[in-house]
Amino acid sequence: MTLRPPAITRRQLLRRGGALGAGLAGASFLAACSATPGGNAPSQPKAGKVTTDPARLGAVTLAQWDRFTKEAFPTRYAALEQLRSEFQRKYPNIKITRVAKTTSELANIKLSLASSDGGPDVFALNNTGYSAAPLVKAGLLLNLDPYYTAYGWRKRIPASLDAEGRYRATGHWGDRAGHLYGSGLFLSYQLLQYNKADVDKLGGLPKTFADLEPYLAKAKQRGYTPFMIGLGSPQNGSHSGIYLAALLIMEKWGADNLRRWVYGQPGISLDTPEVIEALTTFQKWGRQGYFPANPAGLDPSSDVVTSFAKGTGVFHYNGMWLNPKIAPTMGDNFGQALPPGTHDGASGPTIATSAQLLASAKTKHPDAVGAWLDFLISPRAATIFLSHGVLPSTFVNPADAPDEATKQSAQLAQKAFTSGNTASNLQGAWPTGAADQDAELTLLLAGRKTPQQVAQAFDTYRKEFLSQL
């Protein structure tokens, strides 16, 4: 297999994003703010003092900044617009204005939140965890705990996603003992997508994870590309090579361990026998030709997806948000499943995370913000999201799905959340995680790094980022 190594080093990739991550003006910004978390923030709402009747709040205008434009995210855009319209009809005293921002502009949102009153009341960040962590530490976000309690959000949100929006004052996230700053919006989770015709010819799906490797060997022997992955720079944030590496890590090490590592919790390292074994398997699968030639040259969000939709590859472990790009082409040949588990009939771990909305501590209308966020995770909102083919980060009724592919994705999501066997994105551990991990995994497949060296490199990146919080 011919592999193209990355053109820049790990250190260059990390520094490219700046001290606190891509586009975040961390050091200079924090120097201009109070060194005490929350020092310059207005008083936060307290439990028991929340107004949960939006009609009593008077005339209010809330500004929301997000990147979900009609061109880039048509289904998410349509769902949010319908929800905004319904909320405003229900509460005509509250107006929601949505302002489209690029990922780069949102990455620099700290300066807007700190230096003026012209920033948003509500906003969405890409990869909320590491992006929001410095904002929490600087006291720039609204603590949502009072609304979580007043509206009973605990009953609506899967426990693993509930933890994603929680932060300690240090900025470390994913800790259920932390305060809630992020409210879930869309669900992002990975499924084992497969070509039904190929799987039928190979005797059906593998029954357990242990059956998967000999299954891939059989597929390769019969002339199939067993697993479609890409390690190139994606156009829209799809990272099938990293997702597969994470799946192997979860299978050997456990989803809970990976979740704790991604969330930056102390006392945990990837340099373990289980993780090294998982990365060894990833390297071996590459050497045995289970992946397409030159994964580093394939964009996982376009090249890989297009090839898989047109019939190349038996399996593709990627996000259900790609259904609209795959299902119309594959038709009835498009299959979805959770990864196989340890015994027949069991499902294994998978990746599940959510895009989140955050609120500025400077908002003059915190109760209106709370009402809007509550509406976005209401049963009505779940129905609307699903009707547009978008999975919300709450429990849903799969029957509300507009097509069979989305319905099946929703059913599998419910099963995954019921098991609790999920972890967050591996690349979400630090700001340049996706580029760094693609580069490291490319070196691994090329034989230029050992599995242990890759595990240690991931640890080093994570430690460098966490040390700057």
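Computed from a prediction, not measured in an experiment: that's the story for all the values here.

Colleague: Residues and numbers for the overall build of the protein, please.
Modeller: Secondary structure assignment for the protein yields 20 helices and ten strands. Scored against the burial criterion, the 469 residues of the protein give a buried share of 58%. Carbon and sulfur atoms make up 50% of the accessible area of the protein, which totals about 18,200 Å².

Colleague: So, the nonpolar core: which residues are in play, and what are the values?
Modeller: If you look at the biggest cluster of nonpolar residues, it comprises 74 residues, and the most contacted ones within it are Phe227, Leu258, Trp261, Phe282 and Phe315. No other element matches the ten residues that helix α11 (residues 240-253) contributes to this core. Residues Leu161, Ile384, Leu412 and Ala413 belong to the second largest nonpolar core, which totals 55 residues.

Colleague: Run through the pattern of salt bridges, naming residues and quoting values.
Modeller: Two side chains carrying opposite charge are able to pair once their charged atoms lie near each other. What the rule picks out here adds up to eleven salt bridges. Aspartate 374 is the salt-bridge partner of arginine 156, the closest N and O atoms lying 2.8 Å from each other. Of the two residues, arginine 156 sits in the loop between α7 (145-151) and α8 (159-164) while aspartate 374 sits in helix α16 (residues 366-376), which places them 218 residues apart along the sequence. For the pair shown, arginine 156 and aspartate 374 are each scored as buried. Among the salt bridges present, the one from aspartate 256 reaches arginine 259, with a minimum N-O distance of 2.7 Å. A residue pair is termed a helical-turn pair when its members lie 3 or 4 positions apart in one helix, as aspartate 256 and arginine 259 do in helix α12 (residues 255-262) at three residues. Salt bridges here are not isolated pairs; linked through shared partners, they connect Asp66, Glu81, Arg84 and Arg98.

Colleague: If you had to explain the pairing of strand β9 (residues 350-359) to someone new, which residues and values would you point to?
Modeller: Burial of β9 is extensive: ten of the ten residues sit out of reach of the surface. The pairing of strand β3 (residues 122-124) with β9 spans three bridges and is classified as antiparallel. For valine 122, the partnering residue across the bridge sits in β9 and is alanine 359. Bridge count between strand β6 (residues 182-195) and β9: seven bridges; the pairing is antiparallel. Bridged to glycine 184 within β9 is glutamine 356. The pairing of β9 with strand β10 (residues 422-423) spans two bridges and is parallel. Its bridge partner being in β10, isoleucine 351 is matched across the sheet by alanine 423.

Colleague: Could you give an account of helix α15 (residues 323-330), with specific residues and numbers?
Modeller: Since there are 3.6 residues in each turn of an α-helix, residues three or four apart along the chain are aligned in direction. By the burial criterion, the buried members of α15 are Asn323, Ile326, Ala327 and Met330. Considered in projection along α15, the buried side chains sweep an arc of 95° and stay on one side of the axis. Those residues of α15 that are exposed and aimed more than 90 degrees away from the buried face are Pro324, Pro328 and Thr329. Of the surrounding elements, those touching the buried residues of α15 are β6, α14 (303-309), β7 (315-319), β8 (334-337) and α18 (404-419). Of the residues flanking the end of α15, it is glycine 331, one or two places downstream, whose phi is positive at about 60°.

Colleague: Explain the pairing of β6 to me, and be specific about the residues and the numbers.
Modeller: The element β6 is largely enclosed, with a buried count of 14 among its 14 residues. For β6 and β7, the ladder comprises five bridges, and the chain directions are antiparallel. Paired with tyrosine 194 across the two strands is phenylalanine 315, which belongs to β7.

Colleague: Explain the packing of aromatic side chains to me, and be specific about the residues and the numbers.
Modeller: Enumeration over the complete set of coordinates arrives at 20 aromatic pairs. With centroids separated by 6.3 Å and ring planes inclined at 80°, the aromatic side chains of tryptophan 261 and tryptophan 430 adopt a geometry described as edge-to-face. Here tryptophan 430 lies in the loop between β10 and α19 (433-445) and tryptophan 261 lies in helix α12, a separation of 169 residues in the sequence. Across the pair, tryptophan 430 and tryptophan 261 agree in class, each one buried. Counting every residue linked through ring pairs, the aromatic cluster contains Tyr215, Phe227, Trp285, Tyr290 and Phe315. Its end group placed over the ring of tyrosine 148, arginine 166 keeps NZ or CZ at 4.7 Å from the ring centre.

What counts and what doesn't
Residues numbered from 1 in each chain as written. Predicted model: local features only at pLDDT ≥ 70, side-chain atom pairs only at ≥ 80, totals over all residues. Heavy atoms only, no water. Helix = DSSP H or I, 4+ residues; strand = E, 2+ residues; numbered from the N terminus. Buried < 20%, exposed > 50% of the residue type's maximum accessible area, 1.4 Å probe, protein only. Areas by Shrake-Rupley, 256 points an atom, 1.4 Å probe, with all protein chains shown as cover. Core = buried A, V, L, I, M, F, W, Y, C linked by side-chain atoms within 4.5 Å. Salt bridge = Lys/Arg side-chain N within 4 Å of Asp/Glu carboxyl O. Pairing = 2+ DSSP bridges. Arc of directions from axis to C-beta. Contact = heavy atoms within 4.5 Å. Phe/Tyr/Trp six-rings, centres within 6.5 Å; stacked < 30°, edge-to-face > 60°. Lys NZ or Arg CZ within 6 Å of the ring centre and 35° of its normal.

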